[in-house]
2 protein chains.
Amino acid sequence: MEPIADKKKAIFISTMELVRDKGFHGTPMSMVAKHAGVAAGTIYHYFESKEQLITELFDYAQQQVIEVVEQETCAAIPFKDCFFNLWGGLYTFYQNNQNLLRFFEQFVNSPYSTARPPLEEDKFYTLLFAFFERGIQEGLLKEVSPKILATLTHSSVLSMAKLTGSGRLHLDRKELEQILQLIWDGIAFDR
Amino acid sequence: MEPIADKKKAIFISTMELVRDKGFHGTPMSMVAKHAGVAAGTIYHYFESKEQLITELFDYAQQQVIEVVEQETCAAIPFKDCFFNLWGGLYTFYQNNQNLLRFFEQFVNSPYSTARPPLEEDKFYTLLFAFFERGIQEGLLKEVSPKILATLTHSSVLSMAKLTGSGRLHLDRKELEQILQLIWDGIAFDR
DNA sequence: GCAGACCGAATGAACATTCAATTGGGATTA
DNA sequence: TAATCCCAATTGAATGTTCATTCGGTCTGC
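It should be emphasised that the depicted structure is a prediction, and the values quoted were computed from it without experimental measurement.

Caption draft 1: Main features of the protein's contact with DNA strand C. Looking at DNA strand C, there are 15 residues lining it, with Thr42 and Tyr46 of chain A together with Met29, Tyr44 and Lys50 of chain B nearest. Among atoms of DNA strand C positioned within 4 Å of the protein, sugar and phosphate together represent 75%. Interatomic distance of 3.0 Å between a backbone N/O atom of Ala39 of chain A and a phosphate oxygen of DNA strand C. One nitrogen or oxygen atom from the side chain of Tyr46 of chain A is found 2.3 Å from a phosphate oxygen belonging to DNA strand C. Counting residues per element, the surface near DNA strand C draws most heavily on helix 3 (residues 40–46) of chain A, at five residues. Here the residues of the surface near DNA strand C are counted per class, giving seven nonpolar, six polar and two charged.

Shown next, in the form of C-alpha coordinates:
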(Lines give C-alpha, C1' and ligand atoms only; values in the text may rest on other atoms or scores of the structure.)
Protein backbone atom coordinates (compact mmCIF):
# COMPACT_ATOMS: atom_id res chain seq x y z
CA MET A 1 0.00 0.00 0.00
CA GLU A 2 1.52 3.30 -1.05
CA PRO A 3 1.87 5.78 1.79
CA ILE A 4 -1.19 7.95 2.24
CA ALA A 5 -0.74 11.69 2.13
CA ASP A 6 -0.88 13.00 5.67
CA LYS A 7 -3.97 15.10 5.21
CA LYS A 8 -5.83 12.28 3.59
CA LYS A 9 -5.03 10.02 6.51
CA ALA A 10 -6.05 12.69 8.97
CA ILE A 11 -9.38 12.98 7.18
CA PHE A 12 -9.84 9.22 7.31
CA ILE A 13 -9.10 9.01 10.99
CA SER A 14 -11.24 11.97 11.90
CA THR A 15 -14.15 10.63 9.92
CA MET A 16 -13.86 7.27 11.59
CA GLU A 17 -13.79 8.76 15.07
CA LEU A 18 -16.65 11.11 14.42
CA VAL A 19 -18.79 8.46 12.81
CA ARG A 20 -18.18 6.22 15.78
CA ASP A 21 -19.49 8.86 18.16
CA LYS A 22 -22.11 10.56 16.09
CA GLY A 23 -23.05 8.31 13.21
CA PHE A 24 -23.07 9.15 9.50
CA HIS A 25 -25.76 11.70 10.08
CA GLY A 26 -24.37 13.80 12.85
CA THR A 27 -20.96 14.16 11.27
CA PRO A 28 -21.05 17.09 8.89
CA MET A 29 -18.17 17.60 6.55
CA SER A 30 -17.42 20.85 8.33
CA MET A 31 -16.86 18.91 11.52
CA VAL A 32 -14.62 16.40 9.81
CA ALA A 33 -12.63 19.31 8.44
CA LYS A 34 -12.23 21.02 11.79
CA HIS A 35 -11.35 17.78 13.56
CA ALA A 36 -8.79 16.89 10.92
CA GLY A 37 -7.32 20.36 10.98
CA VAL A 38 -8.03 21.10 7.34
CA ALA A 39 -10.39 23.37 5.47
CA ALA A 40 -13.69 22.07 4.21
CA GLY A 41 -12.57 22.55 0.65
CA THR A 42 -9.51 20.41 1.18
CA ILE A 43 -11.61 17.33 1.74
CA TYR A 44 -12.98 17.84 -1.75
CA HIS A 45 -9.49 17.93 -3.11
CA TYR A 46 -9.12 14.31 -2.02
CA PHE A 47 -12.67 13.01 -2.27
CA GLU A 48 -15.45 13.61 -4.73
CA SER A 49 -18.19 13.64 -2.15
CA LYS A 50 -19.11 12.61 1.34
CA GLU A 51 -20.34 9.30 0.04
CA GLN A 52 -17.05 8.67 -1.68
CA LEU A 53 -15.16 9.56 1.46
CA ILE A 54 -17.16 7.08 3.50
CA THR A 55 -16.79 4.37 0.90
CA GLU A 56 -13.06 4.85 0.53
CA LEU A 57 -12.67 4.91 4.27
CA PHE A 58 -14.37 1.57 4.42
CA ASP A 59 -11.93 0.11 1.91
CA TYR A 60 -9.02 1.62 3.78
CA ALA A 61 -10.26 0.16 7.05
CA GLN A 62 -11.04 -3.21 5.56
CA GLN A 63 -7.55 -3.41 4.16
CA GLN A 64 -6.23 -3.34 7.71
CA VAL A 65 -8.44 -6.25 8.68
CA ILE A 66 -7.35 -8.15 5.61
CA GLU A 67 -3.77 -7.73 6.71
CA VAL A 68 -4.59 -9.36 10.01
CA VAL A 69 -6.18 -12.30 8.23
CA GLU A 70 -3.26 -12.66 5.84
CA GLN A 71 -0.82 -12.54 8.69
CA GLU A 72 -2.58 -15.21 10.71
CA THR A 73 -3.66 -17.70 8.07
CA CYS A 74 -0.44 -19.45 7.26
CA ALA A 75 -0.63 -22.74 5.42
CA ALA A 76 2.56 -23.91 7.13
CA ILE A 77 0.95 -23.90 10.58
CA PRO A 78 -1.45 -26.64 11.68
CA PHE A 79 -5.01 -25.62 10.96
CA LYS A 80 -6.22 -25.65 14.52
CA ASP A 81 -3.41 -23.40 15.73
CA CYS A 82 -4.02 -21.17 12.77
CA PHE A 83 -7.68 -20.94 13.67
CA PHE A 84 -6.89 -19.96 17.22
CA ASN A 85 -4.38 -17.38 16.03
CA LEU A 86 -6.84 -15.97 13.55
CA TRP A 87 -9.67 -15.65 16.02
CA GLY A 88 -7.37 -14.16 18.63
CA GLY A 89 -5.72 -11.88 16.12
CA LEU A 90 -8.99 -10.51 14.86
CA TYR A 91 -10.35 -10.14 18.37
CA THR A 92 -7.29 -8.23 19.52
CA PHE A 93 -7.35 -6.08 16.43
CA TYR A 94 -10.99 -5.07 16.82
CA GLN A 95 -10.50 -4.66 20.54
CA ASN A 96 -7.66 -2.21 19.92
CA ASN A 97 -9.51 -0.46 17.13
CA GLN A 98 -12.94 0.24 18.50
CA ASN A 99 -13.29 3.19 16.16
CA LEU A 100 -12.87 0.95 13.22
CA LEU A 101 -15.17 -1.70 14.63
CA ARG A 102 -17.96 0.75 15.28
CA PHE A 103 -17.52 2.38 11.90
CA PHE A 104 -17.61 -1.01 10.25
CA GLU A 105 -20.76 -2.13 11.95
CA GLN A 106 -22.51 1.05 11.02
CA PHE A 107 -21.32 0.83 7.46
CA VAL A 108 -22.23 -2.77 6.72
CA ASN A 109 -25.74 -2.27 8.01
CA SER A 110 -26.27 0.95 6.13
CA PRO A 111 -27.39 1.53 2.57
CA TYR A 112 -23.82 2.53 1.71
CA SER A 113 -22.85 -1.11 1.72
CA THR A 114 -25.80 -2.55 -0.14
CA ALA A 115 -24.60 -0.62 -3.15
CA ARG A 116 -21.33 -2.54 -3.06
CA PRO A 117 -20.05 -5.70 -4.72
CA PRO A 118 -21.41 -8.92 -3.20
CA LEU A 119 -19.61 -11.12 -0.69
CA GLU A 120 -18.11 -13.32 -3.36
CA GLU A 121 -16.01 -10.48 -4.71
CA ASP A 122 -15.03 -9.20 -1.32
CA LYS A 123 -11.41 -9.96 -0.61
CA PHE A 124 -11.92 -10.30 3.11
CA TYR A 125 -14.59 -12.92 2.77
CA THR A 126 -12.78 -14.69 -0.03
CA LEU A 127 -9.81 -15.14 2.26
CA LEU A 128 -11.95 -16.36 5.11
CA PHE A 129 -13.87 -18.79 2.91
CA ALA A 130 -10.64 -20.23 1.59
CA PHE A 131 -9.32 -20.68 5.08
CA PHE A 132 -12.35 -22.63 6.22
CA GLU A 133 -12.32 -24.60 3.01
CA ARG A 134 -8.89 -25.77 4.05
CA GLY A 135 -10.18 -26.88 7.43
CA ILE A 136 -12.88 -28.92 5.80
CA GLN A 137 -10.48 -30.44 3.32
CA GLU A 138 -8.19 -31.48 6.12
CA GLY A 139 -11.14 -33.22 7.70
CA LEU A 140 -10.96 -31.06 10.80
CA LEU A 141 -14.15 -29.08 10.37
CA LYS A 142 -17.70 -30.27 10.02
CA GLU A 143 -18.94 -30.46 6.49
CA VAL A 144 -20.87 -27.25 6.50
CA SER A 145 -20.55 -24.58 3.85
CA PRO A 146 -17.36 -22.58 4.44
CA LYS A 147 -19.48 -19.47 4.00
CA ILE A 148 -21.45 -20.43 7.05
CA LEU A 149 -18.46 -21.38 9.13
CA ALA A 150 -16.73 -18.15 8.21
CA THR A 151 -19.77 -16.04 8.94
CA LEU A 152 -20.44 -17.70 12.27
CA THR A 153 -16.85 -17.44 13.37
CA HIS A 154 -16.48 -13.85 12.35
CA SER A 155 -19.73 -12.86 13.99
CA SER A 156 -18.54 -14.45 17.22
CA VAL A 157 -15.36 -12.38 17.10
CA LEU A 158 -17.31 -9.23 16.39
CA SER A 159 -19.86 -9.75 19.11
CA MET A 160 -17.19 -10.47 21.71
CA ALA A 161 -15.13 -7.48 20.66
CA LYS A 162 -18.19 -5.28 20.82
CA LEU A 163 -19.16 -6.62 24.20
CA THR A 164 -15.80 -6.09 25.83
CA GLY A 165 -15.05 -2.96 23.86
CA SER A 166 -18.11 -1.25 25.20
CA GLY A 167 -16.72 -1.68 28.67
CA ARG A 168 -19.74 -3.69 29.71
CA LEU A 169 -17.67 -6.77 30.38
CA HIS A 170 -14.06 -7.64 30.91
CA LEU A 171 -12.60 -10.91 29.72
CA ASP A 172 -9.34 -12.20 31.11
CA ARG A 173 -7.06 -14.48 29.15
CA LYS A 174 -8.55 -17.63 30.65
CA GLU A 175 -12.09 -16.68 29.69
CA LEU A 176 -11.05 -15.76 26.19
CA GLU A 177 -9.46 -19.15 25.71
CA GLN A 178 -12.60 -20.75 27.04
CA ILE A 179 -14.69 -18.89 24.48
CA LEU A 180 -12.32 -19.67 21.67
CA GLN A 181 -12.40 -23.35 22.64
CA LEU A 182 -16.19 -23.16 22.67
CA ILE A 183 -16.30 -21.87 19.12
CA TRP A 184 -13.86 -24.52 18.03
CA ASP A 185 -15.92 -27.26 19.69
CA GLY A 186 -18.83 -26.07 17.64
CA ILE A 187 -17.27 -26.11 14.23
CA ALA A 188 -14.75 -28.93 14.62
CA PHE A 189 -15.47 -32.44 13.46
CA ASP A 190 -15.45 -35.50 15.64
CA ARG A 191 -15.72 -34.10 19.13
CA MET B 1 -50.05 -4.09 24.77
CA GLU B 2 -52.86 -1.65 24.15
CA PRO B 3 -53.83 -1.44 20.50
CA ILE B 4 -51.86 1.16 18.62
CA ALA B 5 -53.79 3.85 16.80
CA ASP B 6 -53.79 3.04 13.11
CA LYS B 7 -51.88 6.09 11.99
CA LYS B 8 -49.25 5.55 14.61
CA LYS B 9 -48.72 2.03 13.41
CA ALA B 10 -48.59 3.17 9.81
CA ILE B 11 -45.89 5.64 10.78
CA PHE B 12 -43.93 2.93 12.56
CA ILE B 13 -44.09 0.57 9.64
CA SER B 14 -43.24 3.19 7.07
CA THR B 15 -40.29 4.35 9.09
CA MET B 16 -38.99 0.83 9.46
CA GLU B 17 -39.25 0.13 5.75
CA LEU B 18 -37.69 3.39 4.73
CA VAL B 19 -34.86 3.10 7.20
CA ARG B 20 -34.17 -0.39 5.94
CA ASP B 21 -33.78 0.88 2.38
CA LYS B 22 -32.32 4.29 2.92
CA GLY B 23 -30.88 4.50 6.41
CA PHE B 24 -31.64 7.04 9.12
CA HIS B 25 -30.15 9.75 7.00
CA GLY B 26 -31.93 9.34 3.73
CA THR B 27 -35.36 9.07 5.29
CA PRO B 28 -36.71 12.57 5.78
CA MET B 29 -39.84 13.00 7.84
CA SER B 30 -41.58 14.23 4.74
CA MET B 31 -40.94 10.88 3.13
CA VAL B 32 -42.17 8.97 6.13
CA ALA B 33 -45.30 11.09 6.00
CA LYS B 34 -45.95 10.47 2.35
CA HIS B 35 -45.26 6.76 2.63
CA ALA B 36 -47.54 6.44 5.64
CA GLY B 37 -50.28 8.45 3.94
CA VAL B 38 -50.37 11.20 6.54
CA ALA B 39 -49.33 14.82 6.64
CA ALA B 40 -45.96 15.80 8.01
CA GLY B 41 -47.60 17.56 10.92
CA THR B 42 -49.44 14.42 11.95
CA ILE B 43 -46.23 12.67 12.83
CA TYR B 44 -45.59 15.41 15.35
CA HIS B 45 -48.94 14.79 16.88
CA TYR B 46 -47.72 11.34 17.87
CA PHE B 47 -44.00 11.89 18.32
CA GLU B 48 -42.03 14.75 19.76
CA SER B 49 -39.25 14.51 17.22
CA LYS B 50 -37.57 12.27 14.71
CA GLU B 51 -35.29 10.97 17.39
CA GLN B 52 -38.24 10.07 19.57
CA LEU B 53 -39.92 8.35 16.67
CA ILE B 54 -36.88 6.22 16.01
CA THR B 55 -36.43 5.38 19.66
CA GLU B 56 -40.06 4.44 20.16
CA LEU B 57 -39.99 2.37 17.02
CA PHE B 58 -37.08 0.47 18.44
CA ASP B 59 -39.01 -0.30 21.62
CA TYR B 60 -42.03 -1.32 19.59
CA ALA B 61 -39.93 -3.63 17.45
CA GLN B 62 -38.03 -5.06 20.35
CA GLN B 63 -41.26 -5.92 22.08
CA GLN B 64 -42.06 -8.25 19.21
CA VAL B 65 -38.76 -10.05 19.62
CA ILE B 66 -39.34 -10.31 23.35
CA GLU B 67 -42.61 -12.03 22.66
CA VAL B 68 -40.82 -14.66 20.61
CA VAL B 69 -38.39 -15.27 23.45
CA GLU B 70 -41.17 -15.49 26.02
CA GLN B 71 -43.07 -17.90 23.86
CA GLU B 72 -40.14 -20.23 23.32
CA THR B 73 -38.47 -20.26 26.72
CA CYS B 74 -40.74 -22.50 28.72
CA ALA B 75 -39.47 -23.94 31.98
CA ALA B 76 -41.65 -27.01 31.53
CA ILE B 77 -39.79 -28.12 28.42
CA PRO B 78 -36.36 -29.77 28.61
CA PHE B 79 -33.63 -27.18 28.24
CA LYS B 80 -32.08 -28.55 25.10
CA ASP B 81 -35.42 -28.64 23.26
CA CYS B 82 -36.13 -25.18 24.51
CA PHE B 83 -32.81 -23.98 23.20
CA PHE B 84 -33.49 -25.43 19.78
CA ASN B 85 -36.96 -23.90 19.75
CA LEU B 86 -35.62 -20.54 20.79
CA TRP B 87 -32.90 -20.45 18.20
CA GLY B 88 -35.27 -21.62 15.51
CA GLY B 89 -38.01 -19.28 16.63
CA LEU B 90 -35.76 -16.25 16.57
CA TYR B 91 -34.26 -17.26 13.26
CA THR B 92 -37.66 -17.66 11.66
CA PHE B 93 -38.86 -14.41 13.13
CA TYR B 94 -35.92 -12.39 11.84
CA GLN B 95 -36.09 -14.22 8.57
CA ASN B 96 -39.73 -13.20 8.14
CA ASN B 97 -39.11 -9.68 9.34
CA GLN B 98 -36.15 -8.47 7.41
CA ASN B 99 -37.32 -4.90 7.80
CA LEU B 100 -37.13 -5.20 11.50
CA LEU B 101 -33.80 -7.00 11.42
CA ARG B 102 -32.19 -4.37 9.26
CA PHE B 103 -33.66 -1.56 11.30
CA PHE B 104 -32.39 -3.21 14.47
CA GLU B 105 -28.88 -3.65 13.23
CA GLN B 106 -28.72 -0.07 12.13
CA PHE B 107 -30.12 1.13 15.41
CA VAL B 108 -27.92 -0.81 17.81
CA ASN B 109 -24.80 0.30 16.02
CA SER B 110 -25.84 3.92 15.86
CA PRO B 111 -25.50 6.69 18.41
CA TYR B 112 -29.24 6.42 19.08
CA SER B 113 -28.65 3.29 21.09
CA THR B 114 -25.61 4.39 23.05
CA ALA B 115 -27.85 6.91 24.75
CA ARG B 116 -30.02 4.09 26.07
CA PRO B 117 -30.12 2.07 29.29
CA PRO B 118 -27.39 -0.58 29.54
CA LEU B 119 -27.81 -4.27 28.77
CA GLU B 120 -28.61 -5.14 32.37
CA GLU B 121 -31.83 -3.16 32.25
CA ASP B 122 -32.81 -4.37 28.83
CA LYS B 123 -35.69 -6.81 29.06
CA PHE B 124 -34.64 -8.79 26.03
CA TYR B 125 -31.18 -9.48 27.37
CA THR B 126 -32.44 -10.08 30.88
CA LEU B 127 -34.67 -12.83 29.53
CA LEU B 128 -31.88 -14.35 27.51
CA PHE B 129 -29.43 -14.23 30.39
CA ALA B 130 -31.91 -15.95 32.67
CA PHE B 131 -32.48 -18.65 30.11
CA PHE B 132 -28.81 -19.47 29.79
CA GLU B 133 -28.40 -19.29 33.53
CA ARG B 134 -30.91 -22.11 33.69
CA GLY B 135 -28.88 -24.17 31.25
CA ILE B 136 -25.78 -23.74 33.36
CA GLN B 137 -27.62 -24.58 36.55
CA GLU B 138 -28.94 -27.75 35.00
CA GLY B 139 -25.37 -28.69 34.20
CA LEU B 140 -26.04 -28.73 30.48
CA LEU B 141 -24.02 -25.73 29.43
CA LYS B 142 -20.37 -24.98 29.90
CA GLU B 143 -19.60 -22.77 32.84
CA VAL B 144 -19.18 -19.59 30.92
CA SER B 145 -20.88 -16.34 31.82
CA PRO B 146 -24.52 -16.44 30.65
CA LYS B 147 -23.93 -13.02 29.16
CA ILE B 148 -21.38 -14.52 26.83
CA LEU B 149 -23.44 -17.56 25.94
CA ALA B 150 -26.45 -15.35 25.24
CA THR B 151 -24.46 -12.91 23.16
CA LEU B 152 -22.78 -15.62 21.12
CA THR B 153 -26.00 -17.46 20.50
CA HIS B 154 -27.93 -14.39 19.53
CA SER B 155 -25.19 -13.17 17.24
CA SER B 156 -25.23 -16.53 15.48
CA VAL B 157 -28.97 -16.21 14.89
CA LEU B 158 -28.58 -12.69 13.61
CA SER B 159 -25.73 -13.47 11.28
CA MET B 160 -27.54 -16.45 9.77
CA ALA B 161 -30.75 -14.50 9.35
CA LYS B 162 -28.86 -11.67 7.70
CA LEU B 163 -27.01 -14.04 5.43
CA THR B 164 -30.08 -15.88 4.19
CA GLY B 165 -32.28 -12.82 4.31
CA SER B 166 -30.04 -10.98 1.91
CA GLY B 167 -30.70 -13.68 -0.63
CA ARG B 168 -27.03 -14.49 -0.82
CA LEU B 169 -27.57 -17.98 0.47
CA HIS B 170 -30.41 -20.39 0.94
CA LEU B 171 -30.53 -22.82 3.82
CA ASP B 172 -32.76 -25.85 3.71
CA ARG B 173 -34.12 -27.47 6.83
CA LYS B 174 -31.31 -30.00 7.04
CA GLU B 175 -28.62 -27.34 6.90
CA LEU B 176 -30.37 -25.26 9.49
CA GLU B 177 -30.46 -28.19 11.87
CA GLN B 178 -26.82 -28.80 11.20
CA ILE B 179 -25.99 -25.23 12.13
CA LEU B 180 -28.15 -25.31 15.19
CA GLN B 181 -26.45 -28.53 16.30
CA LEU B 182 -23.10 -26.87 15.71
CA ILE B 183 -23.97 -24.00 18.01
CA TRP B 184 -25.22 -26.41 20.63
CA ASP B 185 -22.04 -28.48 20.40
CA GLY B 186 -20.13 -25.33 21.15
CA ILE B 187 -21.94 -24.23 24.25
CA ALA B 188 -23.02 -27.58 25.70
CA PHE B 189 -21.06 -29.30 28.41
CA ASP B 190 -19.61 -32.73 28.24
CA ARG B 191 -19.35 -33.52 24.58
C1' DG C 1 6.06 32.40 -12.19
C1' DC C 2 3.80 27.81 -12.56
C1' DA C 3 1.15 24.01 -10.54
C1' DG C 4 -0.79 21.78 -7.28
C1' DA C 5 -2.23 21.93 -2.40
C1' DC C 6 -5.01 24.41 0.49
C1' DC C 7 -8.23 27.80 2.36
C1' DG C 8 -12.93 29.33 4.04
C1' DA C 9 -16.74 32.39 2.98
C1' DA C 10 -20.71 31.98 0.02
C1' DT C 11 -24.46 29.27 -2.14
C1' DG C 12 -28.40 26.76 -2.59
C1' DA C 13 -30.86 22.65 -1.50
C1' DA C 14 -32.78 19.66 1.83
C1' DC C 15 -34.68 19.02 5.97
C1' DA C 16 -36.94 18.97 10.83
C1' DT C 17 -40.18 21.34 12.95
C1' DT C 18 -44.03 24.78 13.63
C1' DC C 19 -48.57 26.54 13.46
C1' DA C 20 -52.78 28.60 11.80
C1' DA C 21 -56.51 26.65 9.73
C1' DT C 22 -59.84 22.72 8.85
C1' DT C 23 -62.30 18.56 9.81
C1' DG C 24 -65.33 15.27 11.97
C1' DG C 25 -67.65 13.05 15.40
C1' DG C 26 -69.19 12.60 20.04
C1' DA C 27 -71.24 14.97 23.90
C1' DT C 28 -74.54 18.62 25.55
C1' DT C 29 -78.39 21.24 25.18
C1' DA C 30 -83.01 22.85 23.60
C1' DT D 1 -84.33 15.27 16.60
C1' DA D 2 -81.82 19.04 15.59
C1' DA D 3 -78.71 22.59 16.75
C1' DT D 4 -74.54 23.69 19.00
C1' DC D 5 -70.23 23.16 21.03
C1' DC D 6 -65.69 21.02 21.90
C1' DC D 7 -61.56 19.18 21.06
C1' DA D 8 -58.54 15.88 19.37
C1' DA D 9 -56.93 14.58 14.91
C1' DT D 10 -55.23 16.24 10.79
C1' DT D 11 -53.47 19.13 7.23
C1' DG D 12 -49.61 21.25 4.46
C1' DA D 13 -47.45 25.59 3.50
C1' DA D 14 -44.01 28.42 5.79
C1' DT D 15 -39.81 28.91 8.69
C1' DG D 16 -35.25 28.83 9.97
C1' DT D 17 -31.38 25.94 10.26
C1' DT D 18 -28.02 22.84 8.86
C1' DC D 19 -25.28 21.02 5.64
C1' DA D 20 -22.76 19.37 1.29
C1' DT D 21 -20.55 21.39 -2.12
C1' DT D 22 -18.36 25.22 -4.87
C1' DC D 23 -15.04 28.48 -6.25
C1' DG D 24 -12.18 32.52 -6.39
C1' DG D 25 -8.25 33.29 -4.26
C1' DT D 26 -3.74 32.42 -1.45
C1' DC D 27 0.26 29.96 -0.45
C1' DT D 28 4.51 27.02 -1.20
C1' DG D 29 7.98 24.60 -3.26
C1' DC D 30 10.27 24.17 -7.52
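Now that the structure has been shown, we can carry on.
Caption draft 2: Up close: the UniProt feature "DNA-binding region" (unreviewed entry) in chain A. Here, UniProt's "DNA-binding region" (unreviewed entry) annotation points to residues 28–47 of chain A. Counting secondary structure, residues 28–47 of chain A comes out at 75% helix and 0% strand; the distance between its end C-alpha atoms is 15 Å.

Caption draft 3: Representation of the relation of the copies chain A and chain B. With an RMSD of 0.1 Å, chain A superimposes on chain B once it is rotated by 180 degrees and translated 0.0 Å along the axis. Look at the turn and shift together and you get a two-fold axis relating the two. Minimal C-alpha separation from the rotation axis in chain A is found for Gly186 of chain A, amounting to 1.9 Å. Most of the interface of chain A is mirrored in chain B, where 100% of its interface residues are also at the interface.

Caption draft 4: Spotlight on helix 4 (residues 50–72) of chain A. With 23 residues, helix 4 of chain A should reach 33 Å at 1.5 Å per residue; the first-to-last C-alpha distance of 34 Å fits that figure. Of the positions making up helix 4 of chain A, those classed as buried are Leu53, Ile54, Leu57, Phe58, Tyr60, Ala61, Gln62, Val65, Ile66, Val68, Val69 and Glu72 of chain A.

Caption draft 5: Broad picture of the pattern of salt bridges. All names here are of chain A. One pass over the structure, following the stated rule, counts 16 salt bridges over all chains. Here Arg116 and Asp59 are joined by a salt bridge, their closest N and O atoms 2.9 Å apart. Here Arg116, found in the loop between helix 7 (111–114) and helix 8 (123–137), pairs with Asp59, found in helix 4; they are 57 residues apart in sequence, far enough to count as distant.

Caption draft 6: Expanded view of the protein's contact with DNA strand D. By nearness alone, 14 residues border DNA strand D, and Met29 and Lys50 of chain A together with Thr42, His45 and Tyr46 of chain B come closest of all. Lys50 of chain A has a polar side-chain atom sitting 2.6 Å from a phosphate oxygen of DNA strand D. It is helix 3 (residues 40–46) of chain B that provides the largest number of residues to the surface near DNA strand D, a total of five residues. Split by residue class, the surface near DNA strand D holds seven nonpolar, five polar and two charged.

Caption draft 7: Highlighting the interface of chain A and chain B. Counting residues at the interface gives 39 residues for chain A, matched by 39 residues for chain B. Both sides of the chain A and chain B interface together cover about 3500 Å² of buried area, and 65% of this is carbon and sulfur. Here chain A is connected to chain B by two salt bridges. A salt bridge links Asp185 of chain A to Lys142 of chain B, with the shortest nitrogen-to-oxygen separation between them at 2.6 Å. Taken together, the links from chain A to chain B amount to ten residue pairs in polar contact (both at pLDDT 80 or more). Elements with a minimum of two residues in the side of chain A that touches chain B: helix 1 (6–22), helix 6 (98–108), helix 7, helix 9 (146–165) and helix 10 (173–187) of chain A.

Basis of the calculations
Residues numbered from 1 in each chain as written. Chains lettered and ligands numbered in written order. Predicted model: local features only at pLDDT ≥ 70, side-chain atom pairs only at ≥ 80, totals over all residues. Heavy atoms only, no water. Near = heavy atom within 4 Å. Polar contact = N/O pair within 3.5 Å; in protein donor to acceptor, adjacent residues only side chain to side chain. Helix = DSSP H or I, 4+ residues; strand = E, 2+ residues; numbered from the N terminus. Nonpolar A, V, L, I, M, F, W, Y, C, P; charged D, E, K, R; others polar. UniProt positions renumbered as here; feature names shortened; annotations may be inferred. Least-squares fit on C-alpha atoms with pLDDT ≥ 70 in both. Contact = heavy atoms within 4.5 Å. Expected span 1.5 Å × (residues − 1). Buried < 20%, exposed > 50% of the residue type's maximum accessible area, 1.4 Å probe, protein only. Salt bridge = Lys/Arg side-chain N within 4 Å of Asp/Glu carboxyl O. Buried area = accessible area lost by both parts, 1.4 Å probe.

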